[in-house]
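Analysis of the macromolecular model
Now for the letters of each chain:
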Amino acid sequence: MAVAFHLSLSSSFLHSPLPSNTKTTVAPPLRRFRISSSTAAPSKKKHWKIGEYPGLTETSFPQFSTNNKKRTPIKNIKKKLDKKNNASAWVNTVTEALSEAIDRKQWFRALQVFEMLKQQPFYQPKEGTYMKLLVLLGRSGQPGQACQLFDEMLEEGLEPTPELYTALLDACCRSNLIDKAFSILEQMKTLPLCQPDVYTYSILIKACIDASRFELVESLYDQMAERLITPNTVTQNIVLSGYGKAGRYEEMEKVFLGMLDSSTSPPDVWTMNTIISLFGNDGQIEMMERWYEKFRNFGIEPETRTFNILIGAYGKKKMYDKMSAVMEYMRKLSFPWTTSTYNNVIEAFSDVGDAKHMEDTFDQMRGEGIKVDTKTLCCLIRGYANAGLFHKVISTVQLAGRLEIPENTSFFNAVIYACSKAEDLMEMERVFKRMKDKLCQPDSTTYSIMMDAYKKEGMNDKVYDLEQEKQMSSAKISKEYKDVETGATPDVSKESSV
């Protein structure tokens, strides 16, 4: 019998402060120690991994200030000062709105505000602004918009830099537009002040590896050698990871041994994290532990992310004692528990529908003041659905609204999953429509969940409709990517408003 429930997905979330007196209950895997109530210091926001890309700065958008230089009193001085203060307030308002949209990863809103900013008399093109927007568009799967923005930047007379070109190339690589990325590389070679560097090549190598086009990797290595560019540890980690994900462990180990003998690209903690995560995600716990010990013997010390990888791997295999032991070891070595640490524990209980221990861990997370993110709420929604507690799915969705958690594809997939578990297909369809209205592109997971729900009810016509929609969606995306390849980029002003 279907369980009917209605979810309220508000487009404008209300702020809700976290309670300061949340009672903390420790779940069994956390039973060996007491958690301190100190709040973890927030980490600095990074656009790239350490060593991966140096072109971005940690500074915010430039702020415009009024000129405080003393002037000779004039007749209408109060009127002029009011006008000046109003102009300054407007500058701060629009730049803050742009910065907020970028921080929230709202690419469409960011472009809207940026267009508004460019129409103001005080506007001056800034490299940092374009860099942040290019990175945002790349990570949001909008290579066409990135190419259009780059062209607009050139039209404004702003000189391109290797970092800006590399950000554009990365935007194409993230959407698997490898041919377009290679054309950008060739264009960089023709510009004396925009020559590609090791970071440019590393990004392109990663795209080729992710697309399993290993034959292109060797040609890129040859190009680097001709241009006297030495692969660094980041480059080798990318190649090593690609071979591992493809199951080519012999090639992976060969790259690793080469790193051991290298003075320019020695293995580091990222190498360690890459290899143990490969085996951990594949459920090969013994191999993961063996490689962990290898790296320790090589003198490479683990970091917080290393322990989070171990916790996630043990959690997926329901090895709660080992998961707890790693967390206790982190406390012993004064490693902070992060959002990822708690997410991995919550996900472990979510997968098996253990709502009590999942809730205890979440309460403990909030009690420590650890930031809740989209994955946290997705795990909670899935966990309650697996436990059949659909009324708590509703309250969790409402909590996501109060905490202003972004409604991305993963979030909608979790809600759609909960609807399918509740056998509430009408609500599932409503959430699916909401997802598309919010310009969140459905992915293979979305279609898989919905088609399985329809098949279970024998609704083959619905399954057929979804299969057709999926094919049309793929064709549309392919056309958009082809437009990027040919330079026919879309106009953001023609998109529907959000």
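Our subject is the structure that appears above.
Note that the structure is a prediction, hence the values are computed from the model and not measured.

1. Focus: the side chain of Lys-118
If you trace the backbone, Lys-118 turns up in helix H2 (residues 107-118). Since its relative accessible area comes to 19%, Lys-118 is described here as buried. A polar contact of 3.2 Å, which involves the side chain of Lys-118, links it to the side chain of Glu-152. Among residues more than four places away in sequence, those in contact with Lys-118 are Tyr-123, Tyr-130, Glu-152 and Glu-156.

2. Side note on the packing of helix H5 (residues 162-174) against helix H7 (residues 198-210)
Angle between the axes and distance between the axes are the two parameters that describe a pair of packed helices. The geometry of H5 relative to H7 is characterised by a closest axis approach of 10 Å and an angle of 5 degrees between their N-to-C directions. One way to sum up the angle between H5 and H7 is to call them roughly parallel. The residues of H7 that touch H5, namely those facing Thr-166, Leu-169, Asp-170 and Cys-173, are Thr-200, Ile-203, Leu-204 and Ala-207.

3. Concerning the packing of aromatic side chains
Under the counting rule described, the total for this entry stands at 16 aromatic pairs. With a centroid separation of 6.1 Å and 75 degrees between ring planes, the pair formed by Phe-114 and Tyr-123 is classed as edge-to-face. Looking at Phe-114, the relative accessible area reads 1%, which means it is buried. When the centroid spacing of 5.8 Å and the interplanar angle of 50 degrees are considered together, the rings of Phe-256 and Phe-298 count as tilted. Note that Phe-256 is positioned in helix H10 (residues 249-260) and Phe-298 in the loop between helix H12 (285-297) and helix H13 (304-316), a separation of 42 residues in sequence. The class of Phe-256 is buried, set by a relative accessible area of 2%. Pairwise contacts between aromatic rings join Phe-256, Trp-291, Phe-295 and Phe-298 into one cluster. Seen from the ring of Trp-337, Arg-331 lies directly overhead, with NZ or CZ sitting 4.0 Å from the centre.

4. Description of the pattern of salt bridges
Taken as a whole and assessed by the stated rule, the structure comprises 23 salt bridges. Note that Arg-331 is salt-bridged to Glu-368, the shortest N-O span being 2.9 Å. One end of the pair, Arg-331, is in helix H14 (residues 320-332); the other, Glu-368, is in the loop between helix H16 (355-367) and helix H17 (374-387), with 37 residues separating them in the sequence. Take Arg-331: its relative accessible area is 25%, and that puts it in the partly exposed class. Classification of Glu-368 as buried rests on a relative accessible area of 5%. In this structure, Lys-356 engages Asp-360 in a salt bridge whose closest nitrogen and oxygen atoms are separated by 3.1 Å.

How each quantity is defined
Residues numbered from 1 in each chain as written. Predicted model: local features only at pLDDT ≥ 70, side-chain atom pairs only at ≥ 80, totals over all residues. Heavy atoms only, no water. Helix = DSSP H or I, 4+ residues; strand = E, 2+ residues; numbered from the N terminus. Buried < 20%, exposed > 50% of the residue type's maximum accessible area, 1.4 Å probe, protein only. Polar contact = N/O pair within 3.5 Å; in protein donor to acceptor, adjacent residues only side chain to side chain. Contact = heavy atoms within 4.5 Å. Axes fitted to C-alpha atoms, helices over the stretch in contact; angles between N-to-C directions. Parallel < 35°, antiparallel > 145°, perpendicular 65-115°, else oblique. Phe/Tyr/Trp six-rings, centres within 6.5 Å; stacked < 30°, edge-to-face > 60°. Lys NZ or Arg CZ within 6 Å of the ring centre and 35° of its normal. Salt bridge = Lys/Arg side-chain N within 4 Å of Asp/Glu carboxyl O.

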